[in-house]
Amino acid sequence: MHLVPTQEEVVKLLRRTGGLRDGHFEYTTGLHANEYLQVALTMRYYEAAKVLSVGLSRQLRAHSDIRAMIPELSIVTPETAGLPVAYGVCEALRAHQVYWAERENTDEPLRFRQYLEVKPKEKVLLVDDILRSGVRLAELKALVESRGGEVVGVAVVIYQPNPWAVSFDPLPFYYLAKLDAMYYKDAASCDLCKRGIPVEKVWI
Ligand SMILES: [Zn+2]
């Protein structure tokens, strides 16, 4: 395994640990896809989590501006699935702190825990396990900036953009592997449905 794992090594690791499965899946958005990706299933194994976190942190460290900020850098994630990645990257980088945003109900905005203050001009790296639409990360970026923080980059384990994914240009953006799932916008347009392959519903 390379210090920054290759795309092939990451995919192999995901498959071996159950994080990536082939089949026919229906997402909560109604999209149908031929692959199921859940990085959390891979991150439950400490050694696998370490390989991915260290790989991502090495990419980040290679960026001279980010490297210079490490002692004051906050690693912030928009959801619980991003927590193992956030702590892993923080540990590997020896960065300053980790925190996260959450929401009480799906129709409410993201928020930080009570008493959590973002310092003015605080350097913030956004991390998550997967970037698909990027909507949640974009909401987190807006939340950090509304509190006076400065987002300096975005890092995810897997980049699996759907056709309307948000771009974070010109921020530095890092990922370990890019996966292209075959998406169908609904059952009517899904080839797998047409072929009569049983569909599994994705919970989250
Ligand atoms: Zn289908």
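This section reports on the structure supplied with the text. (Residues numbered from 1 in each chain as written. Predicted model: local features only at pLDDT ≥ 70, side-chain atom pairs only at ≥ 80, totals over all residues. Heavy atoms only, no water.)

Quick look at unusual backbone geometry now. Here D169 and P170 are connected by a cis peptide whose omega angle stands at 0°. Within the fold, P170 resides in the loop between β7 (150-159) and β8 (173-178). Of note in this structure, Y115 is not a glycine but carries a positive phi near 75°. With respect to the helices, strands and loops of the structure, Y115 is situated in the loop between β5 (111-112) and β6 (123-131). Of the residues examined, Y115 reaches a relative accessible area of 74% and is grouped as exposed. One non-glycine residue, K121, lies in the positive phi region at around 65°. (Helix = DSSP H or I, 4+ residues; strand = E, 2+ residues; numbered from the N terminus. Buried < 20%, exposed > 50% of the residue type's maximum accessible area, 1.4 Å probe, protein only.)

Taken as a whole and assessed by the stated rule, the structure comprises five aromatic pairs. Ring plane angle 85° and centroid distance 5.3 Å describe the contact between Y99 and F112, whose orientation is recorded as edge-to-face. Placement of Y99 in strand β4 (residues 97-102) and of F112 in strand β5 is noted, with a sequence separation of 13 residues between them. Among the residues examined, Y99 registers a relative accessible area of 4% and is labelled buried. (Phe/Tyr/Trp six-rings, centres within 6.5 Å; stacked < 30°, edge-to-face > 60°.)

For the rest of this paragraph, the subject is the coordination of the zinc ion. Ligation of the zinc ion by protein atoms is provided by H24 (NE2), H32 (ND1), C190 (SG) and C193 (SG), these donors lying 2.0 to 2.4 Å from the ion. One way to put it: the four donor atoms around the zinc ion meet at angles of 99 to 119°, and that makes the site tetrahedral. Donor residues for the zinc ion, ordered by position in the chain, follow H-x7-H-x157-C-x2-C. Just as H24 is buried, H32 falls in that class too. (Donors = N, O, S within 2.8 Å, 3.2 Å for Na, K, Ca; no water. Tetrahedral: all angles 85-135°; square planar, octahedral: opposite > 155°, others 65-115°.)

This part takes up the sheet that holds strand β10 (residues 200-201). The mixed open sheet is built from four strands, whose spatial order is β9-β2-β1-β10. Strand pairing shows two members of the sheet lacking a second neighbour, β9 (183-184) and β10, which therefore form its edges. Note: strand β1 (residues 20-26) against strand β2 (residues 32-37), five bridges, orientation antiparallel. Paired with E26 across the bridge in β2 is H32. Here helix α1 (residues 7-16) sits on the sheet in contact with β1 and β2, set at roughly 70° to β1. (Pairing = 2+ DSSP bridges. Contact = heavy atoms within 4.5 Å. Axes fitted to C-alpha atoms, helices over the stretch in contact; angles between N-to-C directions.)

Another point: the sheet that holds β4. Here we have six strands laid out as an open sheet, ordered β5-β4-β3-β6-β7-β8, and mixed in their pairing. Each edge of the open sheet carries a strand with a single partner, namely β5 and β8. Pairing between β4 and β5: two bridges, direction antiparallel. If you follow A101 over to β5, its bridge partner there is F112. The sheet strands contacting helix α6 (residues 135-146) are β3 (74-77), β4, β5, β6 and β7, and the helix crosses β6 at an angle near 165°.

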